[in-house]
Structures are given as C-alpha cells and as structure tokens.
Amino acid sequence: MNFMTLAADVATDGGSFWFPAPSSTIAGEIDSLFNFILSLSAFFFVLIVGLMLIFVIKYRRRPGYVQGSAPDHNDTLEIVWSVIPALLSVLIFYRGFVGYLDARTPPAETYEIKVNAKKWSWAFQYPNGYIDNDLHLPVNRAIKLTMTSEDVIHSLFIPAFRTKMDIVPGRYTTMWFNPTREGEFPLLCAEYCGTKHSDMLANVVVHPSGEFERWLEQASNLLATLPPVEAGKILYTRRGCVQCHTLDGTAKVGPSFKASFGTKQSLADGTSVEIEENYIRESILDPLKKVRAGFRPVMPSYKGQLKDPEIDAIIEFIKSLK
C-alpha cells in the first residue's frame, strides 16, 4: 500500500491526513489541541518567513542606496511579541494540562482488564479469568487497563483512541479510555523490545452494546464447545505461540511445530529429547530447562497463565500436525 492509498483509506474512514478517525472520548480533545498547535505553527512560520523575504528584498544592497537612520528600540513591538506568545503558551499549557488530567483520571466505575506484555505478544485477562491475545471491549463503557511486563519495557499504543502507556517489568501501570465507535482497530507496541518488535500486534475489537457479554461467555467456554484439536489451534493463535512457532516447517525464533511430535531432537546442552506430551508441557511451563539446539533461550514461561485443559488442547493440536 502506497502513501496516497493509505491517506485515502484514512480519510474514507473518517480520519484526517494525520490521524485515523477518533474513536474514544478523549480523542477529540487531543486532535483539537494538535490542530490548534499545528495551525499556530504554520501561521507564524508563514508570517516570519514572509517578513524575512520582504525585508531581504526591500533592504538589499544596491548601487546608489544610502543607509538611513533606523530605530534601535520600540516598546510597543517588544510588548506585542512578548505578551502574545506568552498568552498562547499559557493557553496551550492549560488545554494540555486539563486534557492530561482527563486522560489519567478514570471515572469511579470502570471495567478492568489486566494486560500482560511479553516478547512478542499480548495477553488480556478479563474479570472471569479468560485470557485472549486481542482486546475485546464493549462500546461506550469506561475501560481501565492494569498492565505489567514479564521481560522488557513495552508500550501499549492504540492510535484510534489516541492513548499510549509504557509497560515496565516489576510494576503496574494503568490507562483508561471510553471507546465510542464499534469495529476493529490496531493495537501495537510503541517501544522497541527486540528482534520481533514489529510483530507485537493485536486487534482492538469494540462490540455493540450487549454483544460483548455474549462474546465473553462463548470465548470462555472454548474447551467445552470445541474438540481439543480445534481448541488447541485457537489457543495457538490467541496465546501468542504463532509469534515464534510456525506450522509450515520454517524456523523462526522457536522451532516449527510441523511434524515435530514423536521426533527426537538435540538440545543445547548436547543431550537429546523426544518431543512427547511431557516435554511439551515442560517446555510451556519451564521453557528454559531444555532448550532446543540452534535456538536462543528467550521463550517466557506460561506458568499460571495456561490451565491444564488448555495445555492438553495445545498438545493435541501439535500432535495433529503432520
């Protein structure tokens, strides 16, 4: 997609040349302040550069021109070009400060979702314990994200909501927003976090009123409604396995799952292991204990994040790959 096509798509979606369509309650104020500062900068740029060009032409050195006397001080001009910028700076600070307080102060009642970031996937945990790698939300409801990281600094950024917050290992950070438009929006990591940083993506799915609760109930009962292999395939995508393990035999950050079950593989310590149920389970819960030869020990542990039935479903899915 070229730049003009991208700009046309954004404009069609209700966005502007600079931003996608505003889709949260704070997005409008942020856009308004941005456009105000941009217009102000453009106005003074044209004014200053224009006056410079006029003066350069009018007072240029030329034959027969005699320099006359010129004033070296003008109180009125100095007051004007001091007071007006000062007032504009105070106005910009006031609007920015009020907007910042609104963005950092959630309302009394919010729907809280926990976020766990790790190289290179997202895990969004809902109040009933269900975890998904996409962020599903109800429309027109205040949402609070409580976020932490397992490894390095990440940054959760949702351009359509105009909201971004760093996520730091060993502590919790929070952000809140109120989505106002239904649909799907991109979510990305805005802090370089390693070789697969650009793949640390997710979707924000904003559901119509009343549909979010039905989606959450259905998604939470995944293992009860689907065969283990199908449930394992969905968990492979939702829980971020897809970021490092392919299904086509190609090695990425981790080894491919294709036709791996039942094979014997070399480990980094010189020994070997058979890929069977116990090894897969151990690799999910304690991935650094037995690292495959030729791969770096970078996989995070899923201990406490995957239930036993979910691990069983993933094992069944891997077993089915021929």
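Presented here is an overview of the structure given in this document.

The next subject is unusual backbone geometry. In this chain, K119 is followed by W120 through a cis amide linkage whose omega measures 0°. With respect to the helices and strands, W120 occurs in the loop between strand 1 (111–118) and strand 2 (121–125). One non-glycine residue, N140, lies in positive phi territory at about 55°. Relative to the assigned elements, N140 resides in the loop between strand 4 (135–138) and strand 5 (143–149). Phi at A259 is positive, roughly 50°, even though this residue is not glycine. Here A259 shows up in the loop between helix 6 (228–238) and strand 11 (264–266).

Now for the packing of aromatic side chains. Under the definition given, this model contains 17 aromatic pairs. Seen in terms of ring centroids, W18 and F34 are 6.0 Å apart; in terms of plane orientation they differ by 65°. Their pairing is edge-to-face. Taken together, the residues W18 in the loop between helix 1 (3–12) and helix 2 (27–58) and F34 in helix 2 connect sequence positions 16 residues apart. Aromatic pair Y236 and F257: ring centres 5.9 Å apart, planes at 55°, arrangement tilted. Of this pair, Y236 sits in helix 6 while F257 sits in the loop between helix 6 and strand 11, and the two are 21 residues apart along the sequence. You'll find Y236 and F257 in the same group, each marked buried. Taken together, the ring pairs in this structure connect Y111, Y126, Y130, F212 and W215 into an aromatic cluster. Across the ring face of Y302, the terminal group of K118 is positioned such that the distance to the ring centre comes to 3.2 Å.

Criteria and thresholds
- Residues numbered from 1 in each chain as written.
- Predicted model: local features only at pLDDT ≥ 70, side-chain atom pairs only at ≥ 80, totals over all residues.
- Heavy atoms only, no water.
- Helix = DSSP H or I, 4+ residues; strand = E, 2+ residues; numbered from the N terminus.
- Phe/Tyr/Trp six-rings, centres within 6.5 Å; stacked < 30°, edge-to-face > 60°.
- Buried < 20%, exposed > 50% of the residue type's maximum accessible area, 1.4 Å probe, protein only.
- Lys NZ or Arg CZ within 6 Å of the ring centre and 35° of its normal.

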